Amino acid sequence: MCAIALRELRRTWELLLLLTFRDLKLRYQDTALGFVWSLIKPLLLGAVLYLALRRIARFDIPDYHLFLLSALFPWFWFQTSIMLAAPAFAHNGNLIKKVHFPRFVLPFSVVANNMVHFLLSIPILLLFILASGERPSPVWIVGIPLLTLVQLALLMGIVLLVASFDVFFRDLEHLTEVFLNLWFYMTPILYPLDWVPDGLKPLYFLNPLSPLIEAWRKLFTENTLPGPELWVSIAFAAAALALGAGAFRRLEGGFADAL
Amino acid sequence: MLSETAEAILLEHVGKRYLLNLHKPDALKTAVLHLPSVLNGRQRWPFWALDDISLSIRKGESVGIIGPNGSGKSTLLRIMSRISPPTRGKVTVQGRVSALLELGSGFHPQISGRENAILNAVLLGLSLKEARERMPEIVEFSELGDFIDQPMRTYSSGMYVRLGFSVAVHVRPEILLVDEVLAVGDAEFQSKCFAHIDKLRAENVTIVLVSHDLWSVVRFCDRVVLLGQGRIAMDGAPQPVIHEYLSRIALLADLPTPISSSAPGIEGGTRWPS
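Residues numbered from 1 in each chain as written. Chains lettered and ligands numbered in written order. Predicted model: local features only at pLDDT ≥ 70, side-chain atom pairs only at ≥ 80, totals over all residues. Heavy atoms only, no water.

**Student:** Explain the sheet that holds strand S8 (residues 223-228) of chain B to me, please; I cannot follow it from the model alone.
**Tutor:** Think of a sheet as strands paired side by side through backbone hydrogen bonds, with each pair either parallel or antiparallel. Residue and element names in this part refer to chain B. Read from one edge to the other, the open sheet built from 6 strands follows the order S5-S6-S7-S3-S8-S9, with strand pairing classed as mixed. Taken across any chain shown, the strands that pair with only one partner, and hence form the sheet edges, are strand S5 (97-100) and strand S9 (231-236). Pairwise comparison of adjacent strand axes, ignoring direction, gives a mean angle of 15° for this sheet. Where strand S3 (residues 62-66) lies against S8, 4 bridges are found, and the strand directions are parallel. Within the sheet, the bridge partner assigned to Ile66 lies in S8 and is Leu226. (Pairing = 2+ DSSP bridges. Helix = DSSP H or I, 4+ residues; strand = E, 2+ residues; numbered from the N terminus. Axes fitted to C-alpha atoms, helices over the stretch in contact; angles between N-to-C directions.)

Written as structure tokens, this is what we have:
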């Protein structure tokens with residue numbers, strides 16, 4: 001019995017890897033710039049934001065380009081994963097209706113795929129940091145896996161929840177897109193958390209991303225490991241996983257009939 | 001009582017209900033506006049695709065399932081393959097199941113046949129190592145030759161199903177559920193498929209075959225189940241069950257009696273006993 005369970009676990013893992021690699025390959029196949037596209041998007045947005053906020057609105061933040069990029073890269077992983085994973089069940093009806101397999105690999109492979117893109121963008125960030133005369137520190141070796149793990153758990157919970165409900169309410173895809181756009185501005189990506197007035201502070205601690213984004217930024221620009229405030233994100237990640245798994249278990253049985 | 005070795009599939013009083021929506025099904029707006037009635041299911045009417053099905057299939061048996069369109073054949077196969085859970089009753093399946101409900105589900109046109117075949121084999125139940133080991137056999141059986149490394153968008157539909165079938169039968173299941181997929185490729189490839197199914201039967205693989213092709217049902221099955229309106233109408237040796245099915249069709253075919261010419265008793269006669 002245990003051997004069968006172990007075999008299934010292993011097969012699920014292999015399925016996840018296969019799907020992730022296939023999608024990585026598919027995403028930029030037949031494009032001349034290939035992987036560079038996944039860098040161009042955050043870099044261009046970063047350039048425009050730098051122009052608008054640093055040069056025009058005159059935000060008084062030194063090395064604002066590093067400040068921005070260290071938050072934009074993790075944000076892009078977050079946003080793209082949720083947007084692309086939301087319809088992961090709904091758009092794979094042909095597969096879900098015809099084959100029995102662990103269905104959660106579908107949204108998870110999207111998250112994994114975008115995680116790879118994020119990790120590959122870290123060297124680019126490093127180049128910017130070196131060009132500004134800063135140096136990375138060995139704490140990155142601890143910090144990057146730690147924060148990646150927290151963000152991964154948070155994302156897995158969220159995409160399971162959203163993708164499961166999306167099978168039955170397809171409007172959720174659109175709702176998610178709108179919500180993510182608003183979420184971007186309500187997270188300390190363009191500005192530091194310190195700038196948020198005390199009256200609005202509680203709102204920022206209800207946002208699982210704000211401590212996480214702050215932690216990414218501190219890691220990359222100040223070479224410091226996250227403090228206890230990261231527990232807020234960890235707690236949110238645990239809650240999201242529990243909620244997502246619960247929703248998926250309850251709704252999974254209906255997928256084949258609803259699609 | 002389910003003994004350890006005898007039964008591969010056991011269905012006990014299985015029912016499957018679909019809730020058909022009266023309104024546009026999946027819009028959030030409708031759901032929110034009609035939340036109370038959505039929650040208690042008043043907006044939808046129940047349709048029992050399967051009703052009180054009890055069926056036991058022994059290991060190594062090959063069973064054909066026949067019946068007219070909409071009689072619940074495909075729903076039954078979906079329940080046996082755990083793709084969709086039953087509304088009522090209990091399903092017990094012992095052994096590794098491979099369900100051929102559609103050939104090449106999830107094939108992606110942009111990547112090569114080889115990559116698709118490996119992913120498909122893992123989807124159908126193999127480990128990655130097993131899938132890689134069986135690739136030479138799969139390629140050979142599919143007769144694709146060098147095309148195996150070309151993107152699948154370059155394939156003809158025949159090549160597509162040949163690869164799909166080839167992967168599916170090389171997954172080496174203990175239980176093979178087949179839905180109308182035997183009619184693939186040209187005559188030569190078909191006879192090869194048939195030979196392969198015979199081989200699986202000889203290896204004591206349990207086979208459940210849903211088909212409209214009565215010839216292949218007779219050819220492969222020890223036993224045939226006739227479904228009608230979601231219930232088991234008859235269950236037994238192939239010949240009598242197929243005979244019963246054909247005589248029901250013949251009864252329906254006799255139907256063109258105009259309503260004006262009131263033949264006594266014809267109303268009762270044209271309806272199926274269910």
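**Student:** Could you clarify how one ought to interpret the layout of surface pockets in this entry?
**Tutor:** To find the voids left in a structure, one rolls a probe of water-molecule size over its atoms. For the second largest pocket, the calculated volume is near 800 Å³. Residue lining of the second largest pocket: 29 residues in total, with Glu8(A), His100(A), Arg82(B), Gly95(B) and Val97(B) positioned closest to the centre. Of all the elements in the fold, those that place two or more residues in the lining of the second largest pocket are helix H1 (2-27) and helix H10 (230-258) of chain A together with strand S4 (88-93) and S5 of chain B. Looking at which element gives the most residues to the lining of the second largest pocket, the answer is H1(A), with 5 residues. Split into classes, the residues belonging to the lining of the second largest pocket amount to 13 nonpolar, 7 polar and 9 charged. (1 Å grid on protein atoms, 1.4 Å probe; cavity = no way out; pocket = protein on both sides within 12 Å on 5 of 7 lines; lining within 4 Å. Points joined across faces, edges and corners; volume = space filled by probe spheres on them. Nonpolar A, V, L, I, M, F, W, Y, C, P; charged D, E, K, R; others polar.)

**Student:** Looking at this structure, I do not really get empty space enclosed by the protein. What am I missing?
**Tutor:** Residue and element names in this part refer to chain A. Inspection of the entire model under this criterion finds 2 cavities of 30 Å³ or more. Of the pockets and cavities examined, the largest cavity occupies roughly 150 Å³. For the largest cavity, the full set of lining residues is Arg27, Ser38, Lys41, Pro42, Phe73, Phe76, Trp77, Thr80, Asn114, His117, Phe118 and Ser121. Secondary structure elements with two or more residues in the lining of the largest cavity: helix H2 (36-56), helix H3 (64-85) and helix H5 (105-131). Here the lining of the largest cavity is composed, by residue class, of 5 nonpolar, 5 polar and 2 charged.

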